[in-house]
Amino acid sequence: MRPLALATARLAAFDARCFEGKVSGVNGLLIEITGPEEALVLGARASIMGAQQARAEIVGFSGGKALLLPFDDVSRVRPGARVRLELDAPGLRPHAGWLGRVIDALGAPVDGLGPLAAGSQARAIRMPPPPAHARGRVGGRLDLGVRAINLFAACCRGQRLGLFAGSGVGKSVLLSMLARNAAADVIVIGLIGERGREVREFIEDTLGKEGLARAVVVVATSDEPAAKRRLAAHTAASVAEHFRDDGKDVLLLLDSVTRFAMAGREIGLAAGEPPAAKGYTPSVFADLPKLLERAGPGLEGKPGSITGLFTVLVDGEDHDEPIADAVRGILDGHIVLERKIAERGRYPAINVLRSLSRMMPQCHQEEENALVTRARRLMATYADMEELIRIGAYRRGSDNEIDEAVRLRPHLEAVLGQRREERSGFSESFAALKGALAT
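Colleague: It is not clear to me how the overall build of the chain should be interpreted in this structure. Could you clarify?
Modeller: Scanning the chain from N- to C-terminus turns up twelve helices and 17 strands. Taken against the 2.2 N^0.38 rule, which gives 22 Å for 439 residues, the C-alpha radius of gyration of the chain at 24 Å falls within 12% of a compact globule. Its C-alpha atoms give the chain principal-axis dimensions of about 85 × 50 × 40 Å. A burial count over the chain gives 53% of its 439 residues as buried. When the accessible surface of the chain is totalled, it reaches about 20,100 Å², and 52% of it is carbon and sulfur. Of the side chains in the chain, 58 bear a positive and 55 a negative charge, and the two mean positions are spaced by 2 Å.

Colleague: Where do I start with the nonpolar core in this structure?
Modeller: In summary, soluble globular proteins display a tendency toward joint burial of nonpolar side chains. Core analysis: the largest hydrophobic core is formed by 63 residues, its most contacted members being Phe 152, Leu 178, Ile 189, Val 217, Leu 253 and Leu 433. Leave out the neighbours within four places in its chain, and Ile 189 touches Ala 179, Phe 202, Leu 207, Ala 215, Val 216, Val 217, Val 218 and Leu 253. Counting 52 residues, the second largest nonpolar core, distinct from the first, contains Val 186, Val 218, Ala 240 and Leu 254.

Colleague: Please explain unusual backbone geometry as it appears in this structure.
Modeller: Trans peptide bonds make up most of the peptide bonds, and negative phi angles are found at most residues other than glycine. Omega for the bond connecting Asp 255 with Ser 256 falls within 30 degrees of zero, at 10°, which places this linkage in the cis form. With omega at 10°, the peptide bond leading from Met 360 into Pro 361 counts as cis. Structurally, Pro 361 is set in the loop between strand 17 (356-357) and helix 10 (366-390). Positive phi values are uncommon outside glycine, yet Lys 278 reaches one of about 50°. Note that Lys 278 resides in the loop between helix 6 (257-270) and helix 7 (282-292).

Colleague: Just checking my understanding: could you explain the packing of aromatic side chains for this structure?
Modeller: Each aromatic ring pair is summarised here by two numbers: the centre-to-centre distance and the angle between the ring planes. Scanning the model with the defined rule gives one aromatic pair in all. Seen from their ring centres, Tyr 280 and Phe 285 are 6.3 Å apart, and the 75° between their planes marks the pair as edge-to-face. The ring of Phe 164 has Arg 328 sitting right over it, with the charged end atom 5.7 Å from the ring centre.

Colleague: Please clarify how the pattern of salt bridges should be interpreted in this entry.
Modeller: It is possible for side chains of opposite charge to pair when their charged atoms get near one another. Summed over the entire model, instances satisfying the criterion amount to 37 salt bridges. Asp 249 is paired through a salt bridge with Arg 157; the nearest N and O atoms lie 3.3 Å apart. Linking Asp 249 in strand 13 (residues 249-255) with Arg 157 in the loop between strand 9 (155-156) and strand 10 (160-165), this pair joins segments that are 92 residues apart in sequence. Look at Arg 157 and you get partly exposed, because its relative accessible area is 22%.

Colleague: In this structure, what is going on with the pairing of strand 2 (residues 30-34)? I would like to understand it.
Modeller: Successive side chains on a regular strand alternate, one facing one side of the sheet and the next facing the other. Buried residues dominate strand 2, accounting for four of its five residues. Hairpin connection between strand 1 (residues 19-27) and strand 2: a loop of two residues separates the two successive antiparallel strands, and Gly 28 in this loop has a positive phi of roughly 65°. One ladder, built from three bridges, connects strand 2 with strand 5 (residues 65-70); its direction is antiparallel. Bridge pairing links Glu 32 to Leu 67 in strand 5.

Colleague: Just checking my understanding: could you explain helix 11 (residues 400-416) for this structure?
Modeller: Residues spaced three or four apart along an α-helix point in a common direction, a consequence of the helix completing one turn every 3.6 residues. With 17 residues, helix 11 should reach 24 Å at 1.5 Å per residue; the first-to-last C-alpha distance of 24 Å fits that figure. When we look at burial in helix 11, the residues that qualify are Ile 402, Asp 403, Ala 405, Leu 408, Arg 409, Leu 412, Glu 413, Val 415 and Leu 416. N-cap assignment for helix 11: the residue whose side-chain oxygen lies 2.9 Å from the backbone N of Glu 401 is Asp 399.

Colleague: Sorry, what's going on with the packing of helix 11 against helix 12 (residues 426-437) here?
Modeller: A packed helix pair is summarised by two numbers, namely the angle formed by the two axes and the spacing between the axes. Closest axis-to-axis distance for the helix 11/helix 12 pair is 9 Å, and the angle between their directions is 170°. On the basis of their axis angle, the class for helix 11 and helix 12 is roughly antiparallel. Packed against helix 11, whose contacting residues are Leu 408, His 411, Leu 412 and Val 415, the element helix 12 presents Ala 432, Leu 433, Ala 436 and Leu 437 at the interface. Of the residues contributing to the contact of helix 11 with helix 12, the split by class is seven nonpolar, one polar and no charged.

Colleague: In this structure, what is going on with the sheet that holds strand 3 (residues 45-48)? I would like to understand it.
Modeller: Across a sheet, paired strands are connected by hydrogen bonds in the backbone, their directions being either parallel or antiparallel. The six strands lie next to each other as 1-2-5-4-3-6, forming a closed barrel whose pairing is antiparallel. The mean inter-strand angle of the sheet, taken between neighbouring strand axes irrespective of direction, is 45°.

Colleague: Please explain the side chain of Arg 214 as it appears in this structure.
Modeller: Mapping Arg 214 onto the fold places it in the loop between helix 4 (196-212) and strand 12 (215-221). Here Arg 214 occupies a buried position and makes no salt bridge, while the nearest side chain of opposite charge, Glu 210, is found at 6.6 Å. A distance of 3.1 Å separates a polar side-chain atom of Arg 214 from the backbone oxygen of Arg 180. Dropping the residues within four chain positions of it, Arg 214 is found in contact with Leu 99, Ala 179, Arg 180, Asn 181, Ala 182, Ala 184, Asp 185, Val 186 and Ile 187.

Colleague: Is there a simple way to explain the pairing of strand 5 in this structure?
Modeller: Counting buried positions along strand 5 gives five out of six residues, so the element sits mostly inside the fold. Both strand 4 (residues 54-62) and strand 5 contribute to a ladder of six bridges, which runs antiparallel. Directly across from Gly 60, in strand 5, lies its bridge partner Leu 67. Between the antiparallel neighbours strand 4 and strand 5 lie two residues, among them Gly 63 with a positive phi of about 55°.

Colleague: What am I meant to see in the environment of Gly 28 here?
Modeller: Along the chain, the position of Gly 28 falls in the loop between strand 1 and strand 2. Judged by relative accessible area, which is 67%, Gly 28 ranks as exposed. Remark: the alpha-carbon pair of Gly 28 and Ala 270, spanning 242 residues in sequence, is separated by 6.9 Å.

Colleague: What's the story with the environment of Ala 286 in this structure? I'm lost.
Modeller: Looking at where Ala 286 falls in the secondary structure, it is placed in helix 7. The partly exposed category is assigned to Ala 286, whose relative accessible area is 37%. Distance in space between the C-alpha atoms of Ala 286 and Ala 232 is 17 Å, their sequence separation being 54 residues.

Rules of the game
Residues numbered from 1 in each chain as written. Predicted model: local features only at pLDDT ≥ 70, side-chain atom pairs only at ≥ 80, totals over all residues. Heavy atoms only, no water. Helix = DSSP H or I, 4+ residues; strand = E, 2+ residues; numbered from the N terminus. Rg over C-alpha atoms; globule rule 2.2 N^0.38 Å. Buried < 20%, exposed > 50% of the residue type's maximum accessible area, 1.4 Å probe, protein only. Areas by Shrake-Rupley, 256 points an atom, 1.4 Å probe, with all protein chains shown as cover. Lys, Arg positive; Asp, Glu negative; His and termini not counted. Charge placed at Lys NZ, Arg CZ, Asp CG, Glu CD. Core = buried A, V, L, I, M, F, W, Y, C linked by side-chain atoms within 4.5 Å. Contact = heavy atoms within 4.5 Å. Phe/Tyr/Trp six-rings, centres within 6.5 Å; stacked < 30°, edge-to-face > 60°. Lys NZ or Arg CZ within 6 Å of the ring centre and 35° of its normal. Salt bridge = Lys/Arg side-chain N within 4 Å of Asp/Glu carboxyl O. Pairing = 2+ DSSP bridges. Expected span 1.5 Å × (residues − 1). Polar contact = N/O pair within 3.5 Å; in protein donor to acceptor, adjacent residues only side chain to side chain. Axes fitted to C-alpha atoms, helices over the stretch in contact; angles between N-to-C directions. Parallel < 35°, antiparallel > 145°, perpendicular 65-115°, else oblique. Nonpolar A, V, L, I, M, F, W, Y, C, P; charged D, E, K, R; others polar.

As far as function goes, none of this settles anything; it's purely spatial.
Shown next, in the form of structure tokens:
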């Protein structure tokens, strides 16, 4: 779009009316304001004026007053402070020049590399998923470059998988491997509720220049307000949708859905919602599909897709806790990282017997499925007899299948292990598995 046409479109969309309200009280995380009723709209943005302007969002109402949740520090807000109200929340203007950049939940650069290029079309941060009847089907398999996933939980373009893991099991390293190795055009990474110390380490060391060059990173650290942490996940999805609509195959990595849900819980409880399972409010479980369903194929007949990998922090290795259970029911499969495997020194610490891709076996060819099925059977046989084998209660020669499982176990473990800097495509992965089973 030419500059003159772009300026004309912006002027046509400009609302000359200016609405203002006033701060009437503060209740925990929420700020109460009064103002003209036509401007008090759920989801509308507001700016609290004062020594330092603070941005906020209307999240509820109480007794004729609007309840604001701030995006910025409001430690110096005073009673009666002016509040400027915006009926339409400002959107993002993603651009190809965003690749290699780090932005916050509101689309502002935080990497110190100057202003972002602006696209010609504004895009709302919160968008509904494409209609189910008009959406395309998932495409062919996507090479993620990680052997254990390519073999036992293969992913198709437009599929959505969950990475379920406790803390310190190698989740961030696995994400960096996916970001560097996946055969996708664009990578969008959402770091939600991360420790501030770890953001630069992830971007500079774990992700590296090669991974960052084709990525857009959206960051909302754990010290930022809950509204910003929740919004950052939708910002990442909105950026991914821009590149999908541009015909690109996008890999959306969101770390983590659990912290997104925790931010929603903070907001819901502050707004007076009744707590439900483990303190999570009903709105949290309503928001999860609205976010997760945004990943997937685009409209039928149009190129481009969003393949989503969403991490879930399992509290105390409890894979049936409310968020993990809800997410597992929404997504198209799950990959389980297990602490016991990490303690043995095998990374990525994926338990392939507990991992599942709902698009298998159609991802693989018939010969490949036969190899995977045989390997799974042998690993399951060893897992069933592991305790007896370790204490010496099983005698070699008692069962041919168990003997084979014991003999091939080290070779299969070697196939599942992979160094961080190593890439293994489908052909290399199946060659390694075939070689291990032929040993």
